[in-house]
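Each chain, written out:
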Number of protein chains: 2
Amino acid sequence: MTLQGAPIGEAATRSGVKVPTIRYYELIGLLSAPPRSDANRRLYDDDDVRRLAFIRHARELGFEVDAIRTLLALQDEPGQSCAAADAVARNRLIDVEQRIASLTALKAELERMIVGCAHGRVAECRVIEILADHGKCVYAQH
Amino acid sequence: MTLQGAPIGEAATRSGVKVPTIRYYELIGLLSAPPRSDANRRLYDDDDVRRLAFIRHARELGFEVDAIRTLLALQDEPGQSCAAADAVARNRLIDVEQRIASLTALKAELERMIVGCAHGRVAECRVIEILADHGKCVYAQH
DNA sequence: CTTGCTCCTCTAGCCGCTAGAGGATGTAAG
DNA sequence: CTTACATCCTCTAGCGGCTAGAGGAGCAAG
């Protein structure tokens, strides 16, 4: 019997993770090294592809590689309590909420800058002026 | 007459930019190299400190170093039209708005995951399940 | 047999810093 | 005057999460 599995390019298109990124994930130990063909090519099975898609989805949702490591380890032990997965997701939610809050303050500041700009000379430009003097900011979170 | 100016540490505390970061800004040409004392130490004048504070504020507002380069160049020509500064700020605003939109979608997705989690076993964990299958996402922006 | 694609490994680069080694200088107290 | 300690200098390497490119081997089709 011959070894079977998809080559890395197919694993890439099926999972949506780029080829060099797959190799990178193997390098950092996020994905275990797959078997190789006799010509030394990586061979991925369906489970590998699923894992890659899982990783990609988690990355899209902004989870860090370390968090994904935890989630993947959990996924491999279906009998365990999912409290840990829950905690990871909750931490991510808190992070996202904080980012939204600070970006919203930023947005207001930028709008104020732009609206205040009379499109004249740099000397009286509101954008430059506010950047030069934090005291002119309304939202001090930054 | 002796050369005058503040040493880098004082420039750092006054501008709020850390010492190694100031040197880094000089390295990448964001801040021009200041004169040196006879013992080869950098000497910063008030204008340098103002420039550093400007840079810091712009970074806090999320402007990239290249955008700041543009803004600094503009600031040096007060007679010019401020249309360019306006454009830089508008681009930044668009970017911030896009980030807020995608983070808001993410937040909804994470909340849905967490609420759906019955705190049981990993096998029926909603968090893991959604991560494993993008099709279960409501918000497809990611 | 040749063309052109995929695959391999390895190294270096991206951004915006941050950390640390190893050494010279400055300042203040004993 | 010495000793201690802070501050400064340069240089190199590292962070996260990839991405790009060199240089070479293999594979499938015409």
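Residues numbered from 1 in each chain as written. Chains lettered and ligands numbered in written order. Predicted model: local features only at pLDDT ≥ 70, side-chain atom pairs only at ≥ 80, totals over all residues. Heavy atoms only, no water.

Undergrad: Explain the interface of chain A and chain B to me, please; I cannot follow it from the model alone.
TA: When the parts of a complex come together, some accessible area is lost, and that lost area is often used as the size of the interface. Each side of the interface is counted separately: chain A has 51 residues, and chain B has 50 residues. Of the roughly 4500 Å² buried at the junction of chain A and chain B (both faces included), carbon and sulfur atoms supply 76%. Among the residues chain A hides against chain B, the three largest losses belong to His57, Val122 and Leu131 of chain A. Together they make up 14% of the total. Counting across the chain A and chain B interface gives 0 salt bridges. Where the side of chain A that touches chain B is concerned, the elements lending two or more residues are α3 (46–60), α4 (65–75), α5 (83–116) and α6 (126–132) of chain A. With 19 residues, the single largest contributor to the side of chain A that touches chain B is α5 of chain A. (Contact = heavy atoms within 4.5 Å. Buried area = accessible area lost by both parts, 1.4 Å probe. Salt bridge = Lys/Arg side-chain N within 4 Å of Asp/Glu carboxyl O. Helix = DSSP H or I, 4+ residues; strand = E, 2+ residues; numbered from the N terminus.)

Undergrad: It is not clear to me how the state of the cysteines should be interpreted in this structure. Could you clarify?
TA: If you walk through the whole model with that rule in mind, you get 0 disulfides over all chains. Cysteine cysteine 82 of chain A is unpaired, with the sulfur of cysteine 117 of chain B as its nearest cysteine sulfur at 3.2 Å. Overall, the relative accessible area of 1% leaves cysteine 82 of chain A in the buried class. A disulfide-free cysteine, cysteine 125 of chain B has its sulfur positioned 3.6 Å from the sulfur of cysteine 82 of chain A, the nearest such atom. (Disulfide = S-S within 2.5 Å. Buried < 20%, exposed > 50% of the residue type's maximum accessible area, 1.4 Å probe, protein only.)

Undergrad: Explain the protein's contact with DNA strand C to me, please; I cannot follow it from the model alone.
TA: What surrounds DNA strand C is a group of 17 residues, the closest being Gly9, Arg23 and Arg42 of chain A together with Tyr25 and Arg59 of chain B. Counting only atoms of DNA strand C within 4 Å of the protein, the fraction found in sugar and phosphate groups is 80%. Within the backbone of glycine 9 of chain A, one N or O atom sits 2.6 Å away from a phosphate oxygen of DNA strand C. Mapped by element, the contributors of at least two residues to the surface near DNA strand C are α1 (8–15) of chain A together with α2 (19–27) of chain B. Classifying every residue of the surface near DNA strand C gives 6 nonpolar, 3 polar and 8 charged. (Near = heavy atom within 4 Å. Polar contact = N/O pair within 3.5 Å; in protein donor to acceptor, adjacent residues only side chain to side chain. Nonpolar A, V, L, I, M, F, W, Y, C, P; charged D, E, K, R; others polar.)

Undergrad: Quick question: what am I supposed to make of the protein's contact with DNA strand D here?
TA: Around DNA strand D, the surrounding shell holds 17 residues, and the nearest of these are Tyr25 and Arg59 of chain A together with Gly9, Arg23 and Arg42 of chain B. Counting only the atoms of DNA strand D within 4 Å of the protein, the fraction contributed by sugar and phosphate is 81%. Here tyrosine 25 of chain A contributes a side-chain N or O atom positioned 2.9 Å from a phosphate oxygen of DNA strand D. One of the side-chain nitrogen or oxygen atoms of arginine 42 of chain B is found 2.9 Å away from a phosphate oxygen of DNA strand D. At the level of secondary structure, the elements contributing two or more residues to the surface near DNA strand D comprise α2 (19–27) of chain A together with α1 (8–15) of chain B.

Undergrad: Explanation requested: the domain arrangement of chain A in the structure shown.
TA: All names here are of chain A. Each assigned domain of chain A is listed with its residue range as follows: domain 1 (8–80) and domain 2 (85–136). One C-alpha centre belongs to domain 1, the other to domain 2; they are set 36 Å apart. Every contact between the two is made by 7 residues of domain 1 and, on the other side, 4 residues of domain 2. Between domain 1 and domain 2, the buried area comes to about 420 Å², and carbon and sulfur atoms account for 77% of it. Run the count over domain 1 and domain 2 and you get 0 salt bridges. Across the contact surface, domain 1 and domain 2 share 2 residue pairs in polar contact (both at pLDDT 80 or more). Taken together, the residues of the side of domain 1 that touches domain 2 sort by class into 5 nonpolar, 2 polar and no charged. (Domains from an automatic or database assignment.)

Undergrad: When you look at the pattern of salt bridges in this model, what are you seeing that I'm missing?
TA: As a working rule, side chains carrying opposite charge can pair if their charged atoms are close by. Tallying each qualifying case throughout the model produces 31 salt bridges over all chains. The salt bridge involving arginine 92 of chain A is made with aspartate 95 of chain A; its shortest N-O contact spans 2.8 Å. With arginine 92 of chain A and aspartate 95 of chain A both in helix α5 and 3 residues apart, this pair spans about one turn of that helix. Under the relative-accessibility criterion, arginine 92 of chain A is labelled buried at 10%. Among the salt bridges present, the one from arginine 90 of chain B reaches aspartate 86 of chain B, with a minimum N-O distance of 3.0 Å. Within this pair, arginine 90 of chain B and its partner aspartate 86 of chain B are both found in helix α5 (residues 83–116), separated by 4 residues, close to a single helical turn. Since its relative accessible area comes to 38%, arginine 90 of chain B is described here as partly exposed. The network of salt bridges with shared partners includes Arg126, Glu129, Asp133 and Lys136 of chain B.

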